[in-house]
Structure formats: structure tokens, C-alpha cells
Amino acid sequence: MYAIVEVKGKQYKVEKGQNILIEYLGEDAKESPEIKILLLKKDDETVVVGTPYVENVKVNSKIAESLKGDKVIIGKHKRRKDYRRKTGHRHKYHKITIEDIIV
């Protein structure tokens, strides 16, 4: 069984026991967030497609760890003006484990 869920505007295909990287949920994120926005659910024999979302189904998950992605370098310059700036950042992510898909 798998499901397609939406978390912070991005869609993920998830199965029970799978680890996925999602966008950072904030400092006050719960230890085990419930994902309630479900777009599709597929069992062995049935497929349920939401219009736009599937009702009465939720996905239980657990935050395994919080981590940072690779560094992104941003360079700016204006030609012939002696203007150069080099900045960068690292995106924050949550690694979550899908525990169960509940109907």
C-alpha cells in the first residue's frame, strides 16, 4: 500500500516504514506529525483518488532527525562596476519515518 501526500506544498509518494526528507516544519513541530492532506491511496486491489483530497485517511509519521542540506552559494556581480558579493545558505529539513497509513 502506498499514498501520495502533500506537505508544505510539495507532494511525496510514501509507504509504511519509508524515510523521506521534507521541508523544515519549524521549531515547534510535534514529535509525531499527522499528515492529513492525502491526494491518492492505493491498496493491493483498489485505488482511491481524491477530488482534490481523500477524506477520512491520515498518515502517521515520526520525526527521525532535523538536518541541513548542502550549501547553496549565491554570487552577485555587476560588470565594470567593481561590485561582487558572495553569500550562501543551507536549507533545513526534517527526516521523517512513515509509521502507518490509517483509513
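Residues numbered from 1 in each chain as written. Predicted model: local features only at pLDDT ≥ 70, side-chain atom pairs only at ≥ 80, totals over all residues. Heavy atoms only, no water.

Rule in force here: UniProt positions are given in the numbering used here, feature names are shortened, and annotations may be inferred rather than shown by experiment.
An unreviewed UniProt entry lists the protein chain under the name Large ribosomal subunit protein bL21, from Brachyspira catarrhinii. The record in UniProt for the protein chain states the following under Sequence similarities (unreviewed entry): "Belongs to the bacterial ribosomal protein bL21 family."

1. Thoughts on the sheet that holds strand β7 (residues 58–78)
Backbone-to-backbone hydrogen bonds pair the strands of a sheet. The strands run either parallel or antiparallel. For clarity, the cut-off: Strand pairing is defined by DSSP finding a minimum of two bridges between the two strands. For helices the rule is a DSSP run of H or I covering at least 4 residues; for strands it is a run of E covering at least 2, with both sets numbered from the N terminus onward.
Here we have four strands laid out as an open sheet, ordered β3-β8-β7-β4, and antiparallel in their pairing. The open sheet has two edge strands, β3 (19–23) and β4 (34–35), and neither has a second partner. Two elements, β7 and strand β8 (residues 83–102), share 18 bridges in a ladder whose sense is antiparallel. By the bridge assignment for β8, Gly 75 is matched with Lys 86.

2. Focus on the nonpolar core
For the record, the criterion: In these notes, a set of buried Ala, Val, Leu, Ile, Met, Phe, Trp, Tyr and Cys residues joined through side-chain atoms within 4.5 Å is what counts as a nonpolar core. Under the scheme applied here, a residue whose accessible area is under 20% of the maximum for its type counts as buried, over 50% as exposed, and between as partly exposed, the area being computed with a 1.4 Å probe on protein chains only. In what follows, a contact means two residues having at least one pair of non-hydrogen atoms within 4.5 Å.
Val 5, Tyr 12, Val 14, Leu 38, Val 59 and Ile 96 are the most contacted members of the largest nonpolar core, which has 16 residues in total. Apart from the residues lying within four places of it in its own chain, the contact partners of Tyr 12 are Ala 3, Ile 4, Val 5, Val 7, Ile 20, Leu 21, Ile 22 and Glu 23.

3. Regarding the side chain of His 94
The test is simple: Between N or O atoms, a polar contact is any pair within 3.5 Å; within protein, one atom must be a potential hydrogen donor and the other a potential acceptor, and residues adjacent in sequence are included only when both atoms are from side chains.
Among the secondary structure elements, His 94 is positioned in strand β8. Within polar-contact distance, the side chain of His 94 engages the backbone nitrogen of Leu 25 at 3.5 Å. Within the local environment of His 94, its side chain forms a polar contact with the side chain of Ser 66, the two groups lying 3.0 Å apart. The contacts of His 94, once residues within four sequence positions are left out, are Ile 20, Leu 21, Ile 22, Glu 23, Tyr 24, Leu 25, Gly 26, Ala 29, Ile 63, Glu 65 and Ser 66.

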